[in-house]
Amino acid sequence: MIICMLIHPPLFAQEKGPRSLSDSIKPLGGNTEKMCSNDIILFNLRKNPSYKAIEQAMNEAIRIASRALPGDTITLPVVVHIIHQDPNSIPDQDVIDGIKDLNDAFSKSGAYSASVGADTKLRFCLSQKDPDGGNTSGITRTTSFLGDDLNMDNEDSRLKNLIQWDPNRYINIWLVSNIHGEAYVDFLCGSWYRLGVGGYATLPPGGGASDGIVIAGFGKTLAHEMGHYLGLYHTFEGGCNNYNCLTDGDMVCDTPPDNSVRPSFSCLFPQNTCRTDTLSNYSNGSFPADVPDQVANFMDYGNGACSNEFTQGQADRMRAAILTQRAGLLQD
């Protein structure tokens, strides 16, 4: 997804120790793609020791719960808030199609049927009941200029204060036309290089006034942000560190360590940025040999055209996150 012409340390160098994702990611030149800004959000949140403690407790609860998960399909209620100066210009069918695509991504069907990933057994439906028990389409419309060029740094709370259903019971998705923000920025050779923001989401446990997902479009962007909302990190979280695949990196053993947000110019022949795949007891048996970066993963930045899968480990983590962190979504 990203075109990179920057000087960078050798891609195949093995990590010597843990590091912060935000320390490792460099802005990438010459690209106008819209990226996810969760790395920046997490970097700022982790400056607060209390947040780090909450995050650690969340991850420990997910690890414990993932050992004994039910196998049935879980369906979660969604409400889409269209925020626009002319919200009626976006028809219901666009939203319905967007949620169908999300379900296809999570069930490896439709456009994603060729995926070698897992059916997560997670599904999403536009809620038929509003917070007061009345009938609803699961779509709301609010007239506001905030949706036309949302500044995520200064206007996030203003956007969400316009309308939010109980975040403990609904997945709130705010659909805007454009998000004004910089996922990554750098100054190189006399020029600024910037990557815009296509969406962002809150990680568990959530439940507060900011909880939910903000997107500037459906498709793979929503699948990616829903992954964050349900507890997934980027595949390149923590770089090559893989001493314990249950606690290092993205904390999912069947996604190989990844040390790059650079593009893969081929879906069939992706680069290999880490040589630590076989550590941590062969990543708990997932990788008896070193493998290339998993650019087909929805939570990777390797190449948007390749994205079509969640792994079984990611499915287990999301399901465990629902049961332990977002149980309020499990409405009757």
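Since the structure is predicted, the reported quantities are computational estimates derived from the model, not experimental observations.

A. Spotlight on the overall build of the protein chain. Secondary structure assignment for the protein chain yields eight helices and ten strands. Across the 332 residues of the protein chain, 53% fall into the buried class. Once local pairs closer than 6 in sequence are excluded, the contacts in the protein chain between residues at least 24 apart make up 70%. Split by element, the accessible area of the protein chain, about 14400 Å² in all, is 53% carbon and sulfur.

B. Representation of the packing of aromatic side chains within the structure. Under the definition given, this model contains six aromatic pairs. Where Trp165 meets Tyr170, the ring centres are 5.1 Å apart and the plane angle is 70 degrees; that geometry is what we call edge-to-face. Neither residue differs from the other here; Trp165 and Tyr170 are each classed as buried. In textbook terms, an aromatic cluster arises when at least three aromatic residues are bridged by ring pairs, as seen for Phe106, Tyr112, Phe124, Phe298 and Phe310. Over the ring of Tyr229 we find Arg326; its NZ or CZ atom is 3.5 Å from the centre of that ring.

C. Region of the structure containing the side chain of Thr273. With respect to the helices, strands and loops of the structure, Thr273 is situated in the loop between helix H6 (220–229) and helix H7 (279–285). Taking relative accessible area as the criterion, Thr273 reaches 0% and is therefore assigned buried. Of note is the side chain of Thr273, whose polar atom sits 2.8 Å from the backbone nitrogen of Asn259. There is a polar contact of 2.9 Å between the side chain of Thr273 and the side chain of Asp293.

D. Geometry of the pattern of salt bridges. All chains considered together, the criterion is met by nine salt bridges. A salt bridge links Arg326 to Asp211; the nearest nitrogen and oxygen atoms lie 2.8 Å apart. Taken together, the residues span a long stretch of sequence, with Arg326 in the segment after helix H8 (312–325) and Asp211 in the loop between strand S9 (191–201) and strand S10 (213–215) at a distance of 115 residues. Here Asp211 falls in the buried class, since its relative accessible area comes to 2%. Here Arg275 and Asp290 are joined by a salt bridge, their closest N and O atoms 3.2 Å apart. Of this pair, Arg275 sits in the loop between H6 and H7 while Asp290 sits in the loop between H7 and H8, and the two are 15 residues apart along the sequence. Given the relative accessible area of 42%, Arg275 is considered partly exposed. A relative accessible area of 30% means that Asp290 is categorised as partly exposed. Where salt bridges share partners, they join Arg46, Glu55 and Glu237 into one cluster.

E. Expanded view of the state of the cysteines. This model, assessed by the stated rule, comprises three disulfides. Across the disulfide from Cys245 sits Cys253; the S-S distance is 2.0 Å. Every disulfide takes its handedness from the sign of the S-S torsion; for Cys245 and Cys253 that torsion is 80 degrees, giving right-handed. Both residues of the pair, Cys245 and Cys253, belong to the buried class.

F. Structural context of H8. The terminal C-alpha atoms of H8, which comprises 14 residues, lie 19 Å apart, in line with the 20 Å expected from a rise of 1.5 Å per residue. With ten of 14 residues buried, H8 lies mostly within the body of the structure. Residues of H8 that are buried: Gly313, Gln314, Ala315, Arg317, Met318, Arg319, Ala320, Ala321, Ile322 and Gln325. The secondary structure elements touched by the buried residues of H8 are helix H3 (49–65), strand S2 (74–84), helix H4 (92–107), strand S3 (122–126) and H6.

G. Focus on the pairing of S2. In terms of burial, S2 is a largely internal element, ten of the eleven residues being buried. Strand direction decides the pairing type here: S2 and S3, joined by five bridges, are parallel. For Leu76, the partnering residue across the bridge sits in S3 and is Phe124. In this structure, S2 lies alongside strand S6 (residues 171–175), joined through five bridges in parallel fashion. Note that in S6 the partner of Ile82 across the bridge is Leu175. The pairing of S2 with strand S4 (residues 139–143) spans five bridges and is parallel. In the sheet register, Ile83 faces S4, and the bridge partner there is Thr142.

H. Region of the structure containing the nonpolar core. Counting residues in each nonpolar core, the largest one holds 34 residues, and the members touching the most others are Phe106, Phe124, Ile171, Met226 and Leu230. Elements that contribute at least two residues to this core include exactly S2, H4, S3, S6, S10, H6 and H8. Those residues in contact with Met226, other than ones at most four positions away along the chain, are Leu102, Phe106, Phe124, Ile171, Ile173 and Ile213.

Basis of the calculations
- Residues numbered from 1 in each chain as written.
- Predicted model: local features only at pLDDT ≥ 70, side-chain atom pairs only at ≥ 80, totals over all residues.
- Heavy atoms only, no water.
- Helix = DSSP H or I, 4+ residues; strand = E, 2+ residues; numbered from the N terminus.
- Buried < 20%, exposed > 50% of the residue type's maximum accessible area, 1.4 Å probe, protein only.
- Contact = heavy atoms within 4.5 Å.
- Areas by Shrake-Rupley, 256 points an atom, 1.4 Å probe, with all protein chains shown as cover.
- Phe/Tyr/Trp six-rings, centres within 6.5 Å; stacked < 30°, edge-to-face > 60°.
- Lys NZ or Arg CZ within 6 Å of the ring centre and 35° of its normal.
- Polar contact = N/O pair within 3.5 Å; in protein donor to acceptor, adjacent residues only side chain to side chain.
- Salt bridge = Lys/Arg side-chain N within 4 Å of Asp/Glu carboxyl O.
- Disulfide = S-S within 2.5 Å.
- Expected span 1.5 Å × (residues − 1).
- Pairing = 2+ DSSP bridges.
- Core = buried A, V, L, I, M, F, W, Y, C linked by side-chain atoms within 4.5 Å.

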